[in-house]
Amino acid sequence: MEFSRRKFIKTMVVSASAIVTSNIVGCGGSGNKQGTSDIIVKPENPSILDGTMYFPQSVVSGDPKPNSVILWTRIDNASNEDTDVTLQVSQDENFNQLVVEQTLTASPSSDHCLKIRVTELEEAKYYFYRFIYIIDGKKYSSNIGRTKTAPSIDNDASVKFAYVSCQDYIGRYYNNYLSLLEQDDLDFVIHLGDYIYETTGDPLFQSTDHERKIEFIDQQGVLNLGVGENKYQAANSLDNYRQLYKTYRTDTLLQKIHERFPMIAIWDDHEFSDDSWADNATNLDGADIEQQTQRKRNSEIAYFDYMPIDHEQAHISEDLSSGELQIEEMHLFPNTKIYRDFHFGKHCHIAMTDFRTNRPDHIIPEDAFPGTVELDQTTLSSFLEVTGMASEKINGVVSKMSPYINIDDVMFIPYKSAFIEIFTGLYTQALLAKIEMSQENALVQAQQRAIDVIKGTLATSYLNQVLSGAKRNLPEEHPLQQLPALPEQGVEQGLAFYTMGKTSLFNYLGSRYFVIKDTYDLYAGFKEYKSQLQGSSVQSAFDETQTAWLATTFSTSNSTWKLLGSSVSFSPLIFDLSKSRANSGFELLEAALASDAVPSSFKQRFYLETDQWDGFPQFKANLIENVLSANSVITLGGDVHSSYVTEHKPNLITGTKSFNFTTSSISSATFGTFLEQGMNQLISQLGDVSPVVKELPVFFDTLATTATQRNDIADSLIFSKMWEHGVAIVEINGETMNVNFHNVNTKVKEINTAQVSFYDNKSAYLDMVKVHKFTIKDNTLERIS
């Protein structure tokens, strides 16, 4: 079925094949010269007036090809009617060499957005463009944009571009774009996702006590989340999502970036919902079902409305000819396809991927009951035998698992009824902390959940911990006080969710963050093994079509440098606090980790985040070995609000390597900040903890790089900056690829560098920028500074 124009934006196609003569009187533009860093947005010719009030989101270009580019604007004339706007494209900034002049119609059904594919342009060439709105006989111009087409596939041109990620608007500024505006010779900018954030006051990372805030106009359409003092809202309706783009796009630095450079964009999670998978959100951490198909589609429509992505080109292999296009059913979930590739001369081939649309759920559900044993001793031992593990080693692995009993055995009947009572109370509290509901409703749901989980094989170490906590809060005469601890010795041992770090009922900790690595890898491998036997996968973030496309794209590419744009990082993010850890070289840190100050439950290896590629360990390893390293692919990552460089192991056949360069956030709170909050939450569950443990954040980067020095870690994380915001700039030629991170500390002299505007004090901000330089030549990575 084809959607009507009344519902969705059109992508107009305009050909530059014919020379045109302007019919707009006085078409002279600014005196701005190509190669300068500031755009003069007020035309000098008095017959063309400053129309920025009619174009509040300015102009945007994107998806540059050798012969085409996408141009965008939005007209705001307070009208609910169709509005005519004239597009001008010129070879010069004075608009004396027009190649396009065409009147287009912006419809209220598309929020008065216009997205145009201009075709039959010349390769590797700058073009200038603007939009003209005529009212009462007067002509009003948008800001003037500059774009650039890609060099053809046989062009020997060098390429220079930037890539960025994560630009939360609430309470934050885009100061890091100042570094890019100093690089006027960038050919394009890649945005790896989280261009918007769907929430307007998430207490985990957003502050509403700031001038940069948003209140949704469509209050009936919003998604209300949180309870009590932690209530906040998320976009849900199409109007909600459009409002976010409209507001974000009013930022003056973001406008300057778009006016100066074409952008190649993909989405991550926040364009829809935090840590989402397919059409499922995770805000409630399993306290309720969050499959939100219409919300997902609303987010996609708004994205296609406002972002300069050629949403049709991704579905069609050949170049598109002139014609009028529409968003159709094939463009929206579950048919969504935004992965696509770009050639920039003979040295640069970039494949942009989609991690979110087809990925499966997280391996550990957020509502997984910690005590549930997923692999009993027999199942675990059998699986390890299948992997070829020797029997003595199997015994060693099993000995580290959680002891368990069958709670349904007759001898444990008193415990079963007691734990149903205890967890009815705990589930009631957990539900009321997540969802606004009556006490009665929460109690009914909680009792059913308790009945559902207190059955079968359960980990006694977890149940004893809960029982002990319950006893502390009950009077001595309570019947529960008479129950002794469940057996932890002389019983079988298996892999429970508790064994992987899950300690609470509805939580991202132990599910998407701070997961025990060794048991998680084992469980993920088992789940994938069982799934593969059924002809499917629980780890494939890419569906079969995208995976095959990616493999073919790189194996058939003749480009000097093959790059993959990923919204999330391929770098391994691990903390190793175990006794077998590599020595960090810091005596203070080593002494602290070896002491009793660090609780025994912490002395393990943790994945810091499993919402990224670490969450799919077997699929990730296979992809790196057979596609990325085999074809010397360099991956560019974002999402995690920190900067990393990783060298993956050489391919077993070719000996070639893949490298990952992950850039930090433009403005969103750094990963170090988030990890410190998560660590403090875990510590709060342990009672009194030594102050030494609270000093660990100082060593976050050291812990991450040291963790990959173990022999059983295939990848080497050689650079980590968890407390810096930044952008990355890449330069490519026939011999080398240079990657420079332009970063700024989260705090400088007690000033949060993302929460204070430096828009009018550019030099002060640039003075704080640190540049970390890396180069690759002959498949060898070297850090320059």
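Up top you'll find the structure we're talking about.
**A few points about the overall build of the protein**
Here comes step 1: Assigned secondary structure in the protein consists of 16 helices and 36 strands.
Here comes step 2: For 785 residues, the compact-globule estimate of 2.2 N^0.38 gives 28 Å, and the protein sits close to it at 28 Å.
Here comes step 3: Here the C-alpha coordinates of the protein stretch approximately 95 × 60 × 55 Å along the principal axes.
Here comes step 4: Taking all 785 residues of the protein together, 61% fall into the buried category.
Here comes step 5: The long-range share in the protein, meaning contacts at least 24 apart out of those at least 6 apart in sequence, stands at 76%.

**Overview of the nonpolar core**
Here comes step 1: Counting 86 residues, the largest nonpolar core has Phe161, Tyr163, Leu180, Ile190 and Phe661 as its most contacted members.
Here comes step 2: The contact partners of Phe661, leaving out residues within four places of it in the chain, are Tyr163, Ile634, Thr635, Leu636, Gly637, Tyr644, Val645, Val739, Phe741, Phe774, Ile776 and Leu781.
Here comes step 3: Core analysis: the next-biggest nonpolar cluster, separate from the first, contains 41 residues, Val373, Ile422, Tyr427 and Leu505 among them.

**Focus: unusual backbone geometry**
Here comes step 1: The step from Phe333 to Pro334 runs through a cis peptide bond, and the omega angle for that step is 10°.
Here comes step 2: Note that Pro334 resides in the loop between strand S16 (325–326) and strand S17 (340–344).
Here comes step 3: Its identity as a non-glycine residue notwithstanding, Ala78 has a phi of 60°, on the positive side.
Here comes step 4: Considering the arrangement of structural elements, one finds Ala78 in the loop between strand S4 (69–74) and strand S5 (83–90).
Here comes step 5: With a phi angle near 65°, Cys166 is a residue other than glycine that sits in the positive phi range.
Here comes step 6: For Cys166, the location among the structural elements is in the loop between strand S11 (159–164) and helix H1 (177–181).
Here comes step 7: Look at Cys166 and you get buried, because its relative accessible area is 1%.

**Some thoughts on the sheet that holds strand S25 (residues 574–576)**
Here comes step 1: Pairing within the open sheet is antiparallel, and its three strands lie in the order S23-S26-S25. The sheet is open, and its two borders are formed by strand S23 (513–516) and S25, each paired with just one other strand. Averaged over neighbouring strand pairs, the angle between their axes works out to 25° when direction is ignored.
Here comes step 2: Along the sheet, helix H14 (residues 671–684) contacts S23, S25 and strand S26 (605–609); its crossing angle with S23, the most-contacted strand, is approximately 60°.

Procedures and definitions
- The numbers attached to residues start from 1 for each chain and follow its sequence in the written order.
- A pLDDT threshold of at least 70 governs which residues receive local features in this predicted model, and a stricter bar of 80 or more applies before side-chain atom pairs are shown or counted, although totals over entire chains, interfaces and linings include all residues.
- Side-chain metrics rest on all non-hydrogen atoms present in the structure, leaving aside hydrogens and water.
- Numbering of helices and strands runs from the N terminus; a helix is a DSSP stretch of H or I covering at least four residues, while a strand is a stretch of E covering at least two.
- In this treatment the radius of gyration is a C-alpha quantity, and the globule benchmark scales as 2.2 Å times the residue count to the 0.38 power.
- Relative accessible area decides the class of each residue, using a 1.4 Å probe on protein chains only: under 20% of the type maximum gives buried, over 50% gives exposed, and in between gives partly exposed.
- Whether two residues are in contact is decided by their heavy atoms, any of which lying within 4.5 Å being enough.
- Nine residue types can take part in a nonpolar core, namely buried Ala, Val, Leu, Ile, Met, Phe, Trp, Tyr and Cys, and a core is a set of them joined through side-chain atoms within 4.5 Å.
- Should DSSP find at least two bridges between two strands, the strands are taken to pair.
- Interaxial angle, 0 to 180 degrees, is taken between N-to-C directions of lines fitted to C-alpha atoms, where a helix line uses only the stretch in contact.

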